[in-house]
Structures are given as C-alpha cells and as structure tokens.
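# Structural features, examined
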Amino acid sequence: AKGNGRNRLEYFSDEQARELRDQDLIERALRVSLQQNYFSLVYMPMFDCQTLEIVGLEVLVRAENLQRLGIGPDRFIPIAEKTNLIKEIDLWVIDNAMARLVELQAATGFMGKFCINISGVELCNELFPAKVKEIIDSHGVDPCLIEFEITETAFVLDDIKSRTILSELRNLGISLALDDFGTGFTAFSQLINYPADCLKIDRSFVNDLFSVDVARHKMVRIIEDLAELYGLRVVAEGVETKEQLEYLQEIGCDWVQGYYLSLPLPWHEMLSLISPPASV
Ligand code: C2E
Ligand code: CA
Ligand code: CA
Ligand code: CA
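Residues numbered from 1 in each chain as written. Chains lettered and ligands numbered in written order. Predicted model: local features only at pLDDT ≥ 70, side-chain atom pairs only at ≥ 80, totals over all residues. Heavy atoms only, no water.

Looking at an unreviewed UniProt entry, one finds the protein chain named EAL domain-containing protein and attributed to Amphritea atlantica.

### Some details on the layout of surface pockets
A volume near 1000 Å³ is recorded for the largest pocket. As for the largest pocket, its lining consists of 36 residues, of which Glu58, Leu60, Pro73, Asp74 and Asn117 are closest to the centre. Residue composition of the lining of the largest pocket, by class: 15 nonpolar, nine polar and twelve charged. (1 Å grid on protein atoms, 1.4 Å probe; cavity = no way out; pocket = protein on both sides within 12 Å on 5 of 7 lines; lining within 4 Å. Points joined across faces, edges and corners; volume = space filled by probe spheres on them. Nonpolar A, V, L, I, M, F, W, Y, C, P; charged D, E, K, R; others polar.)

### A closer look at the packing of aromatic side chains
For the coordinates displayed, the defined rule picks out six aromatic pairs. Relative to Phe148, the ring of Phe128 lies with its centre 6.1 Å away and its plane at 40 degrees, an arrangement referred to as tilted. Highlighted residues: Phe128 in helix α5 (residues 128–139) and Phe148 in strand β4 (residues 146–151), separated in sequence by 20 residues. One exposure class covers both Phe128 and Phe148, and it is buried. Relative to Tyr247, the ring of Phe210 has its centre 6.0 Å away and its plane inclined at 80 degrees; by these criteria the two rings are edge-to-face. Here Phe210 is found in the loop between α7 (203–207) and α8 (214–217), whereas its partner Tyr247 is found in helix α10 (residues 242–251), with 37 residues between them in sequence. The exposed category is assigned to Phe210, whose relative accessible area is 51%. (Phe/Tyr/Trp six-rings, centres within 6.5 Å; stacked < 30°, edge-to-face > 60°. Helix = DSSP H or I, 4+ residues; strand = E, 2+ residues; numbered from the N terminus. Buried < 20%, exposed > 50% of the residue type's maximum accessible area, 1.4 Å probe, protein only.)

### Here's the deal with the nonpolar core
Among the nonpolar cores identified, the biggest contains 80 residues, and Ile116, Phe148 and Leu248 are the most heavily contacted of them. Among the elements that take part in this core, helix α4 (residues 86–108) stands out by supplying nine residues, more than any other. Ile116 has contacts with Val59, Val93, Ile94, Ala97, Met98, Ile146, Glu147, Phe148 and Glu149, leaving out every residue within four places of it along the chain. One finds Ala177, Cys198, Val235 and Trp255 within the second-largest nonpolar core, a separate group that totals seven residues. (Core = buried A, V, L, I, M, F, W, Y, C linked by side-chain atoms within 4.5 Å. Contact = heavy atoms within 4.5 Å.)

### A short note on the coordination of the calcium ion (ligand 3)
Ideal geometry at a metal centre gives angles of 109.5 degrees when four donors are arranged tetrahedrally and 90 or 180 degrees when six donors are arranged octahedrally. Distances from the calcium ion (ligand 3) to its protein donors, Asp180 (OD) and Glu237 (OE), fall at 2.1 Å. For the pair the calcium ion (ligand 3) and the calcium ion (ligand 2), the metal-to-metal distance amounts to 5.5 Å. Of this pair, Asp180 sits in strand β5 (residues 175–181) while Glu237 sits in the loop between β7 (233–236) and α10, and the two are 57 residues apart along the sequence. Using a relative accessible area of 24% as the deciding quantity, one classes Asp180 as partly exposed. According to the relative accessible area criterion, Glu237 is buried, its value standing at 11%. (Donors = N, O, S within 2.8 Å, 3.2 Å for Na, K, Ca; no water.)

### Some details on the site of ligand 1
For ligand 1, the set of nearby residues contains 23 residues, the closest of which are Arg62, Asn117, Arg203, Glu240 and Tyr259. At 2.8 Å from an oxygen atom of ligand 1 is found a main-chain nitrogen or oxygen belonging to Tyr259. For ligand 1, whose accessible area on its own is 810 Å², the fraction buried by protein is 87%. Among the cavities detected, the one that contains ligand 1 is the largest pocket. Listing elements by their share of the shell around ligand 1, those giving two or more residues are β2 (54–63), α3 (73–82), α4 and β5. With four residues, the top contributor of residues to the shell around ligand 1 is β2. Within the shell around ligand 1, the residues separate by chemical class into ten nonpolar, four polar and nine charged. (Near = heavy atom within 4 Å. Polar contact = N/O pair within 3.5 Å; in protein donor to acceptor, adjacent residues only side chain to side chain. Areas by Shrake-Rupley, 256 points an atom, 1.4 Å probe, with all protein chains shown as cover. Sits in = over half its atoms within 2 Å of the grid points.)

### Focus on the packing of helix α1 (residues 14–36) against α3
Running from amino to carboxyl end, α1 crosses α3 at an angle of 80 degrees, the nearest separation of the two axes being 10 Å. Here α3 runs roughly perpendicular to α1, going by the angle between their axes. Along its contact with α1, which presents Glu19, Asp22, Gln23, Ile26, Glu27 and Leu30, the element α3 presents Arg75, Phe76, Ile79, Ala80 and Lys82. (Axes fitted to C-alpha atoms, helices over the stretch in contact; angles between N-to-C directions. Parallel < 35°, antiparallel > 145°, perpendicular 65-115°, else oblique.)

Put into structure tokens, the structure is as follows:
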C-alpha cells in the first residue's frame, strides 16, 4: 500500500520517482564534470542584422558526460541552480570564455562582444561582482567586450540586493542583456529604470512571426519599437528562415542569431570562421 512511510519513494508516482532519480544522476554528473573538467563551450555567432557581419558570440556551456545522453543546458542548468552548483559553473564559464576571448583576439583581432549567460541566482550573490572582476583582471580583458545575458524574469528590481549587484557589474564596464525578453512580466513603462543595454527577444516570438495569432506575431515589432524608444539594442534569437531574417531587417532589428545563420560552433570551427582569409 502507498504511504506506509517505510520507503520515501512510495509517496511518489513511478513517474515522479524516475524524475528524482534523473535529477540525482544529473547532479552527480555535474559534480564529476566540475572535478574532471568535462565542461566545454560552444560559440553561437551573432550577426549585424543589416550587414550580416559577425558582431558577437554567445557562449553556451556543454557537459560532455551529459551531452552524450542528449542532456543539454536547458535540462541541467535548472538542476545546477537547485543544488547551488551553478555558482561554480558560472565562474568556470566566465574564466574559460575569457581565456578564449584573449586567444581569439590574438589570432584574429576580433573586436565583437562575448555574450555570456549568467544564472539569475547570481543576482542574490554579493560575492559575484568581485569574483567576476578578479577573473577579468587575471586575463587582462577589456570589460567593454563582455555582455552578461540574464533572463528577464531574474531582474527583480524592487530588490535592493539584486539592484546593487547589477550596478556593480555595470560599473565594471560589462553590458547587460535582458534574455528571453517578452516571456516575463516587465511593465514596459519600467524599462527605462532597467540597468540594461540590450533586449534579447525570446525565440518563441521569432518563431511565431508569421503566425495567424496576430497578438503574437506583432510582439516582435512592439518590442523593437519599445527598444528604440528606450535606446536599447535589440537582438532576435532563433532566426531559422530567410523570411524571418528579412522581416527583422525591415523593422530595424540590430542583431540576429539562429540556425538560419549559424549553429553554435566548437572552438576550432568558430576560429576558422572568424579568421581573416590568409593573405596570398
Ligand atoms: P538561451 O540563453 O535562450 O540560449 C539559446 C538557446 O537556443 C541555445 O540552446 C541555442 O542553441 C538555441 N538556439 C539558438 N538559435 C536557435 C534556433 O534558430 N533554433 C532553435 N531551435 N534553437 C536555437 P542551448 O545551448 O541548449 O542553451 C539552452 C539554455 O541554457 C540557454 O538558453 C541558457 O538559458 C542556458 N545556458 C546555456 N549556456 C549557459 C551557461 O554557460 N551558463 C548559464 N547559466 N546558462 C546557460
Ligand atoms: Ca542567452
Ligand atoms: Ca531564449
Ligand atoms: Ca533598431
């Protein structure tokens, strides 16, 4: 019978029990990845919407031992956040991204931005800005070349702590992007108070650009108009077709990224994409 209290798992359905085991497994795999350095980075080019020049790279983390099981950051980052492993992962990503940025600049003279995803958890972590500064300084990187992407929902502006952390990051010279913009609950009138430089339109809106649901397909244009009003750069992600790209060019979006333009690339592929052709 269920719930006799002898076995904790009896309180859960089979489905829930499996979910718990999976989470536990992923947590252990993440710990191993941190110890054994199984994490790696891939780079997704971001393009100027009009000229299609590469103007930035979004850094995306992979855990090699989980990737083989088809488990990507969408699945493991939330677990890392629950178990507090995220703090170590975020610092690992920043440190390794900075090392690559230095290498890339030396090899190609690349002056675009490195855009790094940061968990909303860091906005409650008073130690974060000082750690970031320490890492940046140790690599001698110009902070103007760094952008942190933080999901819109993590920007809780009525919280003094997160406000302080955001402005400390910004004072270092790092720019800030509101990621997955449009999925949260930002009162648009509040945008002017955000310490942000960029709105990153969520992929779902780009996906619905030609949807019959008028309210959804208009979102992209509405966000673009707003961003213009507040002087924010607009990045559209998830561009998968020529039609989507052309529409975004028409409405004056600033940057684009998506499978139509480039997949996320491993380091060496990215390097040869950015390298100027060898002069003859
Ligand atoms: P995100 O920040 O929204 O990143 C974009 C995700 O959408 C990436 O998946 C990317 O591969 C995918 N994507 C980009 N363009 C397209 C497209 O045209 N079509 C489709 N179908 N997908 C596209 P990925 O790498 O699996 O990352 C998932 C999420 O995991 C990210 O969402 C981000 O929230 C989180 N994440 C990734 N790397 C890191 C990291 O280093 N640190 C932290 N804290 N979170 C990360
Ligand atoms: Ca992102
Ligand atoms: Ca997104
Ligand atoms: Ca614009």
